[in-house]
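Each chain, letter by letter, is given below.
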Amino acid sequence: MANEIMNRNNDIRDWFNNDPWMNSFPALFGDNFSTSNSLKTDIKESDKDYQVRVDMPDFDKKNIDISYNDNTLTVSGHRDDFADHNDKNGDVIMSERSSGRFARQYHLPAVDTDSIKASYANGVLSVTLPKMVKSEDSAHHIEIG
C-alpha cells in the first residue's frame with residue numbers, strides 16, 4: 001500500500017539531509033542555511049485512512065493552514081522571529097531555531113474531503129484523511145432515453 005510518489009520524494013529529501021556534502025553547506029554559508037529545516041513528517045496508511053503527523057514546534061495554531069486539492073495535502077504556516085536574542089548575561093551565542101514561512105506537500109489520492117480532521121497539540125499537527133469508500137457494486141446500469 002506504500003505510496004510510490006511519496007517514497008521517491010522522501011528518498012530525495014533523505015539524501016539531501018544525510019549527504020555529507022550537502023550538510024557542509026551550513027559551514028559554507030552560515031548557520032541560517034540548512035537542508036533539514038523542513039517540517040518533519042510521519043505518514044501512516046491503513047485500509048481506511050492516511051494519518052499525517054507533522055512536527056511544528058512553536059507555531060501558533062492560527063498561523064497554520066491546511067488544504068487538500070488535486071490529491072495533494074498542503075501544510076503551511078509561519079513562525080514569528082524569536083524575541084529572546086539577548087539574555088540576562090549577554091548575547092545569545094548560538095541560535096538554531098528558525099522563523100519564517102514553511103510548507104510541505106504530500107500526494108495522498110482518493111480522500112474523502114468532507115471527512116478530513118485535524119488537531120494540533122504539543123507542537124504536533126495531526127491530520128486524518130479518510131479514504132474514499134469503494135462501492136461494492138462497481139457496475140452502473142445506464143438507461144437509454
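Preceding block: the structure.
Structure report, in brief.

## Topic: the overall build of the chain
- From N to C terminus, the chain includes two helices and nine strands.
- Counting from the amino terminus, helix and strand elements in the chain follow one another as α-α-β-β-β-β-β-β-β-β-β.
- A buried classification covers 26% of the 145 residues belonging to the chain.
- When contacts within the chain are restricted to residue pairs at least 6 apart in sequence, those whose partners lie at least 24 apart make up 55%.
- Counting only carbon and sulfur atoms, one obtains 49% of the accessible surface of the chain, whose full area is about 10,900 Å².

## Details of the sheet that holds strand 4 (residues 72–79)
- One open sheet accounts for three strands, arranged 3-4-7; its pairing is antiparallel. At either margin of the open sheet sits one strand with a lone partner, and together these are strand 3 (64–69) and strand 7 (100–107). In this sheet, neighbouring strand axes are inclined to one another by 15 degrees on average, regardless of whether the strands run parallel or antiparallel.
- With six bridges connecting them, strand 3 and strand 4 associate as antiparallel partners. By the bridge assignment for strand 4, I66 is matched with V75.

## Focus on the packing of aromatic side chains
- What the rule picks out here adds up to one aromatic pair.
- Both rings, one in F59 and one in F102, keep their centres 5.7 Å apart while their planes meet at 70 degrees; by these two values the pair is edge-to-face. Highlighted residues: F59 in the loop between strand 2 (49–55) and strand 3 and F102 in strand 7, separated in sequence by 43 residues.
- Here the guanidinium or amino end of K131 rests over the ring plane of Y50, the centre of that ring lying 5.0 Å away.

## A closer look at unusual backbone geometry
- Here the phi dihedral of D58 falls at roughly 65 degrees; this positive angle occurs in a residue that is not glycine.
- Mapped onto the secondary structure, D58 falls in the loop between strand 2 and strand 3.
- The backbone of A110 sits at a positive phi, close to 55 degrees, despite the residue not being glycine.
- Within the secondary structure, A110 sits in the loop between strand 7 and strand 8 (117–121).

Analysis parameters
Residues numbered from 1 in each chain as written. Predicted model: local features only at pLDDT ≥ 70, side-chain atom pairs only at ≥ 80, totals over all residues. Heavy atoms only, no water. Helix = DSSP H or I, 4+ residues; strand = E, 2+ residues; numbered from the N terminus. Buried < 20%, exposed > 50% of the residue type's maximum accessible area, 1.4 Å probe, protein only. Contact = heavy atoms within 4.5 Å. Areas by Shrake-Rupley, 256 points an atom, 1.4 Å probe, with all protein chains shown as cover. Pairing = 2+ DSSP bridges. Axes fitted to C-alpha atoms, helices over the stretch in contact; angles between N-to-C directions. Phe/Tyr/Trp six-rings, centres within 6.5 Å; stacked < 30°, edge-to-face > 60°. Lys NZ or Arg CZ within 6 Å of the ring centre and 35° of its normal.

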